[in-house]
Amino acid sequence: MRYEGTVYRPPSEAESLLIQATIGCPHNDCTFCGMYRDTKFRIRSVADIKEDLLMARDFYGDKVRSIFFPDGNTILMKTDQLLEILYYAREMFPYLKRMTVYGSAKFMKLKKLNEFRLLREAGLTRIHSGMESGDDEVLRRIKKGFTAAEMIEEGLKVREAGLELSEYILLGIGGRERTQEHALESARVLNAFTPDFVRFRTYVPWKGTPLYDDYQQGRFHLLSPYEVLRETRLLIANLEGPFELLSDHMSNYAPINGNIPKDKPEMIETIDRLLAVPEDNFKQMDSGLL
């Protein structure tokens, strides 16, 4: 495939064919993220994307079951362009079960409900969305580009269209100052539109980002392992669901996976057991990972 730069994908898309539809991220202003910081955003032409799909078919055969279209916020593409790509992918791969993209509330709001329905009919299955927090103050500080109310509105719209929504929560992104607000407001927002999946990530400072500089200069206070676990416990305790909760990332301290609300007591019990383990036993997540 003709990939440009580093191609990022969710862990759940590990088995998916990756076909770049966009390069970089159209927002690219989140203070914690370094994924596309040095990449100028552009949308690839439909012709180029279709050429890549054809090359993939010639190389892998027609048995591909899942496709993820990076880079950041591919949902921004014009609906007619996305539709053409989706239908062509189904033509190339008749056994397809799933096609997915990244999409922020900032860009999902550019599409009407009927457009999402057309995309679902064309084969789009799921949108991966980085909500990060439900606390408006945290969202403002990390420059996500949308509010909690907008996230709820867009989440409800996507769900009404019949598309799956996988939301990502960034544990610790509020720092010590906003840890309680971050947990409680994130739970409130998630309960308001009940995505299909909620996935936890733990904030790790990324060199070269504004929030890393704040961390280094003492303006942002990184949570300790115990503090992350307590924040996670508070968030889970206030979740109502229904949705699937997953801790499918190396940055997380607690291996909590299951269904909310059914498995919530077991998740909280797991966190309580971990809080009884000496804190020194946990590896502090710092910039050494990035």
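Refer to the structure above for everything that follows.
What counts, and where the lines are drawn
- Residues numbered from 1 in each chain as written.
- Predicted model: local features only at pLDDT ≥ 70, side-chain atom pairs only at ≥ 80, totals over all residues.
- Heavy atoms only, no water.
- Axes fitted to C-alpha atoms, helices over the stretch in contact; angles between N-to-C directions.
- Helix = DSSP H or I, 4+ residues; strand = E, 2+ residues; numbered from the N terminus.
- Parallel < 35°, antiparallel > 145°, perpendicular 65-115°, else oblique.
- Left-handed = near helix turned anticlockwise from the far one by under 90°.
- Contact = heavy atoms within 4.5 Å.
- Nonpolar A, V, L, I, M, F, W, Y, C, P; charged D, E, K, R; others polar.
- Expected span 1.5 Å × (residues − 1).
- Buried < 20%, exposed > 50% of the residue type's maximum accessible area, 1.4 Å probe, protein only.
- Arc of directions from axis to C-beta.
- Phe/Tyr/Trp six-rings, centres within 6.5 Å; stacked < 30°, edge-to-face > 60°.
- Lys NZ or Arg CZ within 6 Å of the ring centre and 35° of its normal.
- 1 Å grid on protein atoms, 1.4 Å probe; cavity = no way out; pocket = protein on both sides within 12 Å on 5 of 7 lines; lining within 4 Å.
- Points joined across faces, edges and corners; volume = space filled by probe spheres on them.
- Pairing = 2+ DSSP bridges.

Caption draft 1: Region of interest: the packing of helix α1 (residues 46-60) against helix α2 (residues 79-92). α2 packs onto α1 with a crossing angle of 15° between their chain directions and a minimal axis gap of 10 Å. One element, α1, and the other, α2, form an angle in the roughly parallel class. The hand of the α1/α2 crossing is right-handed. Residues Val-46, Ile-49, Lys-50, Leu-53, Leu-54 and Arg-57 of α1 touch α2, and the partners they reach there are Gln-81, Glu-84, Ile-85, Tyr-88, Ala-89 and Met-92. Its residues placed into classes, the contact of α1 with α2 shows eight nonpolar, one polar and three charged.

Caption draft 2: Expanded view of α1. The end-to-end C-alpha distance of α1, which contains 15 residues, comes to 21 Å, matching closely the 21 Å that a straight helix rising 1.5 Å per residue would cover. Every buried residue belonging to α1 is among Val-46, Ile-49, Asp-52, Leu-53 and Ala-56, and all of these are buried. With its buried residues spanning 125° around the axis, α1 presents them on a single face. Exposed residues on α1 whose side chains face more than 90 degrees from its buried face are Asp-58 and Phe-59. Buried positions along α1 lie against β1 (17-18), β4 (66-69) and α2. Two residues or fewer past α1, Gly-61 is found with a positive phi of approximately 85°.

Caption draft 3: Summary view of the packing of aromatic side chains. Here the structure, examined in full by the defined rule, presents seven aromatic pairs. Ring centres of Tyr-8 and Tyr-36 lie 5.6 Å apart, and the angle between their planes is 85°; this geometry places the pair in the edge-to-face category. With Tyr-8 in the segment before β1 and Tyr-36 in the loop between β2 (22-23) and β3 (42-43), this residue pair connects regions lying 28 residues apart in the sequence. We classify Tyr-8 as partly exposed; its relative accessible area is 22%. Where Tyr-212 meets Tyr-215, the ring centres are 6.4 Å apart and the plane angle is 65°; that geometry is what we call edge-to-face. Of this pair, Tyr-212 and Tyr-215 both sit in helix α8 (residues 210-216), three residues apart, which is roughly one turn of that helix. Tyr-215 sits in the partly exposed class, given a relative accessible area of 23%. Here the aromatic cluster, defined as three or more aromatic residues joined through ring pairs, consists of Tyr-226, Tyr-253 and Phe-282. Over the ring of Tyr-88 we find Lys-50; its NZ or CZ atom is 4.9 Å from the centre of that ring. The positively charged end of Arg-199 is found above the aromatic ring belonging to Phe-197, 5.1 Å away from the centroid.

Caption draft 4: Region of the structure containing the layout of surface pockets. Its volume calculated, the largest pocket comes out at about 1100 Å³. At the level of secondary structure, the elements contributing two or more residues to the lining of the largest pocket comprise β6 (126-132), β7 (164-171) and β8 (197-202). Examining the composition of the lining of the largest pocket, we find that four residues originate from one element, β6, more than from any other. For the lining of the largest pocket, the residue count by class is 19 nonpolar, twelve polar and six charged. Empty space within the second largest pocket amounts to approximately 250 Å³. Taken together, 15 residues line the second largest pocket, and the ones lying closest to its centre are Arg-141, Leu-211, Asp-214, Arg-219 and Phe-220.

Caption draft 5: Spatial organisation of the pairing of strand β9 (residues 243-246). As paired elements, β8 and β9 share three bridges and run parallel to each other. The residue bridging Phe-197 from the neighbouring strand is Glu-244, located in β9. The sheet contact formed by β9 and strand β10 (residues 258-260) spans three bridges and is antiparallel. What sits directly across from Glu-244, in β10, is Asn-259.

Caption draft 6: Quick look at the sheet that holds β9. Across the sheet, which stays open at both edges, the eight strands sit in the order β1-β4-β5-β6-β7-β8-β9-β10 with mixed pairing between neighbours. Edge strands, defined here as strands with exactly one partner in the open sheet, are β1 and β10. Bridge count for strand β5 (residues 98-102) against β6 is three bridges, and the pairing is parallel. Across the sheet, residue Thr-100 finds its bridge partner in β6, namely Arg-126. Against the sheet, helix α6 (residues 148-160) touches β6 and β7, its axis set at about 150° to β7. In the packing of helix α10 (residues 264-274) onto the sheet, the strands contacted are β9 and β10, and the crossing angle to β10 comes to about 115°.

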